[in-house]
Amino acid sequence: MRAAVYHGPGDIRIDDVEAPRIQDPGDVIVKTRTASMCGSDLYLFNGEVEHMVTPGRTTLGHEVCAEVVEVGGAVGRFAVGDRVTFPYSVSCGTCFCCRVGQTAHCETSGKAIYGFGMAFGDLGGSQAEYVRVPLADGHLEHVPPEIGDEAAIFLSCNLPAAVTAVDAAAIEPTDTVAVVGCGPTGLLALELARQRTGQEILAFDRVPERLVRAKELGARPVDVESAELDGLVAEATSGRGVDKVIEFAGRGDAFNLAVSISRPGAVISGGGVYLEQAHPVSLFDMYFKNLQIRLNGFANAKTAQWKAMQMVAKKVIDPTTVVSHEVDLDGLPSAAAAFAGRRGGLVKMLVRV
Ligand SMILES: [Zn+2]
Ligand SMILES: [Zn+2]
């Protein structure tokens, strides 16, 4: 089968690789219909997590809308022909961590993630014609007919992550909110936050197209490179700082920005992927402001997936509004480079497999 294979920093290729087979009676094999590329895939693409991947072997992608083509003997919930999606990580539904909602830490799967290399279970990715789904009854989900492929791919990662971060921010109707990092998931979180507060939402990024989109969603765009940043936040919040921050950039500098723009007693809801081991963050600043830090970046996508699915089905949010590009597998390598380089106005791509 054809699949996107990591060959080195900035180098993914569409290779012919061995198609997955049923290995366990709980497995399902799905044929990918539509996939995508997540912001977290960029850590792999950019070569920032070389210890986790095997160049020439690791396949990529964890967002999917697919069709079941083969079912293991112990699978009860799925049949050939079912249209399905999975959360980005594999969870059993019955271990301790799954029971307490920490499905990304599933003890049965060992924190397995689709398309994320040896460190996370060495599972095949969704930017491929076929994917093996272990523990399928525990985390694979049917996509209801009213949700199209284009929206369904958001149920794997971006939308559950946005729902989780916005819920954790505990936004009140009187809150001024900041969204730091307006990539696809940040924009979805912004749209959900817009439904929770009638007050101003400040949207921080440095990519012009993203700031334009944030403005279209009713936020006040703030270029993080702007020299007037501090004054602008002070003016918007009577000098106090914002009530709630949703952080989706996933970088130390962005987290420090979140701390600096928070008012005393604010909540920082971090949905970003923080990989920096030793980035300096001031404990004093967080202590002195009585900040509440709520991190869910290693997102329990399975736990929030049902709520996300209901939101799409009932038209609370249309995640496809952040889609800017559509490619096939052959177009993926160049689109991935544009996504990584924040070039060409690429906010979110659909990959038709
Ligand atoms: Zn993701
Ligand atoms: Zn589990």
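Numbering of residues starts from 1 in every chain and runs along the sequence as written. Key to labels: chains lettered from A, ligands numbered from 1, both in the order written. Only residues with pLDDT of 70 or above have their local features reported here, since the model is predicted, and side-chain atom pairs are shown and tallied only from 80 upward, although totals for entire chains, interfaces and linings are computed over all residues. For the side-chain quantities, the full set of heavy atoms in the structure was used; hydrogens and water were omitted.

The name an unreviewed UniProt entry gives the chain is Glutathione-dependent formaldehyde dehydrogenase, with Pseudonocardia asaccharolytica DSM 44247 = NBRC 16224 as the organism.

1. Regarding the coordination of the zinc ion (ligand 1)
The criterion, for reference: Coordination shells were defined by N, O and S atoms within 2.8 Å of each metal, extended to 3.2 Å for Na, K and Ca; water is absent from the atom set, which can make sites look incomplete. Note on conventions: DSSP H or I runs of at least 4 residues are helices, E runs of at least 2 residues are strands, and numbering of each starts at the N terminus.
For the zinc ion (ligand 1), the full set of protein donor atoms is Cys38 (SG), His62 (NE2) and Cys157 (SG), at a range of 2.0 to 2.2 Å. Expressed as a motif, the donor residue spacing for the zinc ion (ligand 1) is C-x23-H-x94-C. With Cys38 in the loop between β3 (28-36) and α1 (41-45) and His62 in the loop between α1 and β4 (64-71), this residue pair connects regions lying 24 residues apart in the sequence.

2. Some remarks on the coordination of the zinc ion (ligand 2)
What counts, and what does not: Working rule for geometry: tetrahedral if four donors all subtend angles between 85 and 135 degrees; square planar for four, octahedral for six, if opposite donors exceed 155 degrees and the others stay between 65 and 115; irregular in every other situation. Note on classification: 1.4 Å probe, protein chains only; a residue is buried when its accessible area is under 20% of the maximum for its type, exposed when over 50%, partly exposed between these limits.
Protein-derived ligands of the zinc ion (ligand 2) are Cys92 (SG), Cys95 (SG), Cys98 (SG) and Cys106 (SG), with the metal-ligand distances lying across 2.4 Å. If you look at the zinc ion (ligand 2), its four donor atoms make angles of 103 to 116 degrees with each other, and the shape they trace is tetrahedral. Between the donor residues of the zinc ion (ligand 2), the gaps in sequence give the motif C-x2-C-x2-C-x7-C. Owing to a relative accessible area of 9%, Cys95 belongs among the buried residues under this scheme.

3. Here we look at the UniProt feature "domain: Alcohol dehydrogenase-like C-terminal" (unreviewed entry) in the chain
As a reminder, the rule being used: UniProt positions are given in the numbering used here, feature names are shortened, and annotations may be inferred rather than shown by experiment.
As annotated by UniProt and renumbered to match this structure, "domain: Alcohol dehydrogenase-like C-terminal" (unreviewed entry) occupies residues 184-309. Helix makes up 42% of residues 184-309 and strand makes up 22%, while its end C-alpha atoms are separated by 17 Å.

4. Some details on the UniProt feature "domain: Alcohol dehydrogenase-like N-terminal" (unreviewed entry) in the chain
UniProt's feature table lists "domain: Alcohol dehydrogenase-like N-terminal" (unreviewed entry) at residues 25-135, given in the numbering used throughout. For residues 25-135, the helix share is 8%, the strand share is 22%, and the end-to-end C-alpha distance is 9 Å.

5. Section: the domain arrangement of the chain
Here is the rule: Note that domain bounds follow an automatic or database assignment of domains. In this analysis, two residues are considered to be in contact whenever any of their non-hydrogen atoms come within 4.5 Å of each other. By buried area we mean the combined loss of accessible area, with a 1.4 Å probe, across both parts when two parts are placed together. By definition, a salt bridge exists where a carboxyl oxygen of Asp or Glu is found within 4 Å of a side-chain nitrogen of Lys or Arg. Any pair of nitrogen or oxygen atoms within 3.5 Å is treated as a polar contact; in protein, a donor-acceptor pairing is required on top of that, and neighbouring residues in sequence qualify only through side-chain atoms on both sides.
Per the domain assignment, the segments making up the chain are domain 1 (2-157 + 300-352) and domain 2 (164-295). Here the C-alpha centre of domain 2 lies 28 Å away from the C-alpha centre of domain 1. If you look at the interface, domain 1 gives 20 residues, while domain 2 gives 18 residues. Buried surface at the junction of domain 1 and domain 2, summed over both partners, amounts to about 1600 Å²; 60% is from carbon and sulfur atoms. Interface area lost by domain 1 to domain 2 is led by Tyr43, Ile317 and Val347, which between them contribute 34%. Taken together, the connections running from domain 1 to domain 2 amount to two salt bridges. Taken together, the connections running from domain 1 to domain 2 amount to six residue pairs in polar contact (both at pLDDT 80 or more). Counting residues per element, the side of domain 1 that touches domain 2 draws most heavily on helix α11 (residues 301-313), at three residues.

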